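Given next are the chains, with one letter for each unit.
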Amino acid sequence: MAVKSLYWFTNDLRLHDNPILYQAYEHCDSLLCVYFMEPQKQQFNRYQLVSVGEIRHRFLLQALQALQSNLATLGQRLLVMQADPMLSIPVLIEQYGINLIYRSRHCGWYEQQQWRYLKQCYPHLRFVEVDTHTLYSRDQLPFPISDMPKSYSKFRKQIEQNVTVSSPLFVPDYLPPQPNVFCSDYLDIRHVHISDNDQVEWHGGENAALMHLKQYFSSSLPSNYKETRNAIEGWDNSTKFSPWLACGALSAKMIMATLLDYEKYKEKNSSTYWIFFELLWREFFQWHAHAVGRDLYRFSGVQNKRLLNSFYPTRFKQWCEGSTPYPIVNAFMKQLNQTGYMSNRGRQIVASCLVNELSVDWRYGAAYFEQQLIDHDVAANWGNWQYIAGVGTDSREKRWFDLEKQTRLFDPNQHFIRYWRGDENLNALDSVNIDDWPMSGRG
Ligand SMILES: Cc1cc2nc3c(=O)[nH]c(=O)nc-3n(C[C@H](O)[C@H](O)[C@H](O)COP(=O)(O)OP(=O)(O)OC[C@H]3O[C@@H](n4cnc5c(N)ncnc54)[C@H](O)[C@@H]3O)c2cc1C
């Protein structure tokens, strides 16, 4: 029987190091490549925010355009459908006689539910989930996912002692042909106009990602990464791989292969090791998300710990727009709103402020990051937020960043604050919080 496959692209928007394309090349007679822009992700969610905000959406469109033109070089085409995959995939299965469906293994709870639902509806079809998003595949892990280590250091030790990253795959010379497409309700991504935003330093898509990878490792920046990575501004201080990694325009294994070459031919030191160390943090959060399932989004976190935080709409609004009493926090939030990016130190500081100074439910912060960040990654974002809120994988009570000290350390001349106008529009906080309620027993 002819193998008629459907490849449902999600967070794997690339040709290089793509094991699904390889499998399709080896085993399929026809291949339908589809990406869904889900209308639900642009509608208000339970936090009254959207999942994919404007800057992230634009970055994604660029990535899809690049994927489309790269697939065209292999005689393929990407159908971009503005539809709910749960409604459209059944139609495609019928129309094209699909008997095999591929998708990247996804750690998001919502995405896993979609996959489960389809499998239940079509028990006679083959569903193949492949690890494209991580450094290691699931069967390379030296433990079953149910025994996933609870802390990063335990995870790192087990991984470093037992597994190596395999080499990235080459792009196949050609792909199976697309069946004759007769549906017309797809978006011709080639002709979508994407407006410019001078504030955003990234261009979406695989080609820009590979070019940046090459430039980064052609420079001497990796040799100083450990000393510079914590800086709060500057393109060169950290790798800036995250936006492309998040949508899969860049493969983590590809980064590792280039890093190993750098170590072999240029220099190997504690900084080059630290790039791997950070990629392992990413890896840890990915498998952690698989292990904990929907607890990743729970207020009480994976520790099931009750916090006294709540939802204070005015404070949350001040935090989002950058009009809190704290100039450094305002500067970071304005940077995020205009560029879709914030340094790691910035994220730690604003997250700590939301949780500790503003006493707001951390999930609102995570949902706002999800909307705004061009590198939003469900595992890294929600996992890091839980960590800062003290309900996640960290054994410490919680992470509190002293705002004055952080300003002195990272912005001693207030250059960053002034550049982003963090010192304008400072507003005092409302005074209503849990301590003001007689029921707290402290009034
Ligand atoms: C509250 C909060 C939310 C975050 N949300 C995200 C998110 O949605 N998506 C995301 O990719 N990262 C997230 N991070 C992690 C980190 O801030 C970014 O990965 C990093 O700032 C991206 O810039 P870079 O590529 O230059 O990083 P580098 O410093 O150059 O690090 C190299 C790579 O390692 C990975 N990495 C580094 N630090 C972490 C970390 N703490 N957790 C997971 N991976 C890490 C990233 O893939 C990154 O690209 C979050 C951190 C915090 C504190």
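Residues numbered from 1 in each chain as written. Predicted model: local features only at pLDDT ≥ 70, side-chain atom pairs only at ≥ 80, totals over all residues.

Asks: Any details on the overall build of the chain? Residues and values, ideally.
Replies: Tallying secondary structure elements over the chain gives 17 helices and five strands in all. Expressed along its principal axes, the backbone C-alpha trace of the chain runs to roughly 75 × 55 × 45 Å. Here the chain holds 443 residues, and 42% of them are scored as buried. (Helix = DSSP H or I, 4+ residues; strand = E, 2+ residues; numbered from the N terminus. Buried ≥ 20, exposed ≤ 12 C-beta atoms within 10 Å, placed from the backbone.)

Asks: Account for the site of the ligand, with residues named and values stated.
Replies: As a matter of local geometry, the ligand sits amid 28 residues, with Ser238, Thr239, Ser242, Asn381 and Asn384 nearest to it. Partitioning the shell around the ligand into residue classes produces twelve nonpolar, nine polar and seven charged. Two domains each donate at least three residues to the shell around the ligand, and these are domain 2 (134-167 + 206-295) and domain 3 (313-440). (Near = placed C-beta within 6 Å. Nonpolar A, V, L, I, M, F, W, Y, C, P; charged D, E, K, R; others polar. Domains from an automatic or database assignment.)

Asks: Could you give an account of the domain arrangement of the chain, naming the residues involved and the relevant values?
Replies: As assigned here, the chain comprises domain 1 (4-132), domain 2 (134-167 + 206-295) and domain 3 (313-440). Placing the centre of domain 1 and that of domain 2 at their C-alpha centroids yields a distance of 24 Å. In the side of domain 1 that touches domain 2, the residues fall into nine nonpolar, five polar and five charged.

Asks: How would you explain the UniProt feature "domain: Photolyase/cryptochrome alpha/beta" (unreviewed entry) in the chain if you had to name every residue and give the values?
Replies: According to UniProt, the positions carrying the feature "domain: Photolyase/cryptochrome alpha/beta" (unreviewed entry) are residues 3-138. The distance separating the terminal C-alpha atoms of residues 3-138 is 25 Å; by composition the span is 39% helix and 20% strand. (UniProt positions renumbered as here; feature names shortened; annotations may be inferred.)

Asks: Tell me about the environment of leucine 49, and name the residues and values.
Replies: Within the secondary structure, leucine 49 sits in the loop between β2 (30-36) and α2 (54-72). You can call leucine 49 partly exposed: it has 16 C-beta atoms within 10 Å. With sequence-adjacent residues up to four places away left out, leucine 49 is seen in contact with Phe44, Ala367, Tyr368 and Gln371. (Contact = placed C-beta atoms within 7 Å.)

Asks: Tell me about the sheet that holds β2, and name the residues and values.
Replies: Working definition: the strands of a sheet are paired by backbone hydrogen bonds and lie parallel or antiparallel to each other. Overall, parallel pairing links the five strands, which are arranged β3-β2-β1-β4-β5 in an open sheet. The sheet terminates laterally at β3 (78-81) and β5 (126-130), the two strands that pair on one side only. Each adjacent strand pair in this sheet contributes to an overall mean axis angle of 25 degrees, direction not counted. Sheet topology note: the β2/β3 ladder contains four bridges and is parallel. Across the sheet, the residue bridging to cysteine 33 is leucine 78, located in β3. Relative to the sheet, α2 contacts β2 and β3, its axis offset from that of β3 by approximately 150 degrees. (Pairing = 2+ DSSP bridges. Axes fitted to C-alpha atoms, helices over the stretch in contact; angles between N-to-C directions.)

Asks: For the pairing of strand β4 (residues 100-104), give the residues involved together with the corresponding values.
Replies: Counted residue by residue, β4 has five buried out of five residues, so it is predominantly covered. On β4, burial covers both faces: Leu100, Tyr102 and Ser104 on one face and Ile101 and Arg103 on the other are all buried. The sheet contact formed by strand β1 (residues 4-9) and β4 spans four bridges and is parallel. By the bridge assignment for β4, serine 5 is matched with leucine 100.

Asks: Talk me through helix α6 (residues 206-218); I want residue IDs and the actual numbers.
Replies: For α6, spanning 13 residues, the distance from its first C-alpha to its last is 18 Å, which sits close to the expected 18 Å at 1.5 Å a residue. Within α6, burial applies to Glu206, Ala209, Leu213, Tyr216 and Phe217. Seen along its axis, α6 keeps its buried residues to an arc of 95 degrees; they face one direction. For α6, the exposed residues set more than 90 degrees away from the buried face come down to Met211, Lys214, Gln215 and Ser218. (Expected span 1.5 Å × (residues − 1). Arc of directions from axis to C-beta.)

Asks: So, the packing of helix α12 (residues 327-339) against helix α13 (residues 344-357): which residues are in play, and what are the values?
Replies: α13 packs onto α12 with a crossing angle of 120 degrees between their chain directions and a minimal axis gap of 10 Å. Between α12 and α13, the angle falls in the class oblique. Here the hand of the crossing between α12 and α13 comes out left-handed. Residues Ile328, Val329, Phe332 and Met333 of α12 form the contact with α13, whose participating residues are Gly346, Ile349, Val350 and Cys353. Along the lines of polarity and charge, the residues of the contact of α12 with α13 split into seven nonpolar, one polar and no charged. (Parallel < 35°, antiparallel > 145°, perpendicular 65-115°, else oblique. Left-handed = near helix turned anticlockwise from the far one by under 90°.)

Asks: Tell me about the environment of histidine 133, residues and numbers included.
Replies: Along the chain, the position of histidine 133 falls in the loop between β5 and α5 (152-162). Sequence-wise, histidine 133 and alanine 246 are 113 residues apart; in three dimensions their C-alpha atoms are separated by 8.3 Å. When residues no more than four places from it in sequence are discounted, the contact partners of histidine 133 are Asn11, Asp12, Ser104, Arg105, Gly248 and Gln286.

Asks: Explain the pairing of β1 residue by residue, including any values.
Replies: Residues in a regular strand project their side chains so that they alternate between the two faces of the sheet. Most of β1 is tucked away, with five of its six residues classed as buried. Looking at chain direction, β1 and β2 are connected through six bridges and run parallel. When the bridges of β2 are listed, phenylalanine 9 appears paired with tyrosine 35. Tracing the backbone out of β1, into helix α1 (residues 19-27) and back to the parallel element β2 gives a crossover that is right-handed. (Right-handed = clockwise from strand over helix to strand, strands pointing away.)

Asks: Explain unusual backbone geometry to me, and be specific about the residues and the numbers.
Replies: Here the phi dihedral of glutamine 48 falls at roughly 60 degrees; this positive angle occurs in a residue that is not glycine. Residue placement: glutamine 48 occurs in the loop between β2 and α2. At asparagine 304, a residue that is not glycine, the phi angle is positive and equals roughly 55 degrees. Of note, asparagine 304 is situated in the loop between α10 (270-292) and α11 (313-321). Looking at asparagine 304, the number of C-beta atoms within 10 Å reads 10, which means it is exposed.

Asks: Mind laying out the confidence of the model for the chain, listing which residues take part and the relevant values?
Replies: In the predicted model, the chain carries a mean pLDDT of 94, and 97% of its residues have values of at least 70. As a predicted assembly, this complex carries a pTM of 0.96 together with an ipTM value of 0.99. (pLDDT = per-residue confidence, 0-100.)

Asks: Go over the environment of tryptophan 202, please, and point to the residues and values.
Replies: Residue position: tryptophan 202 is located in the loop between α5 and α6. By the C-beta count within 10 Å, which is 22 here, tryptophan 202 ends up buried.

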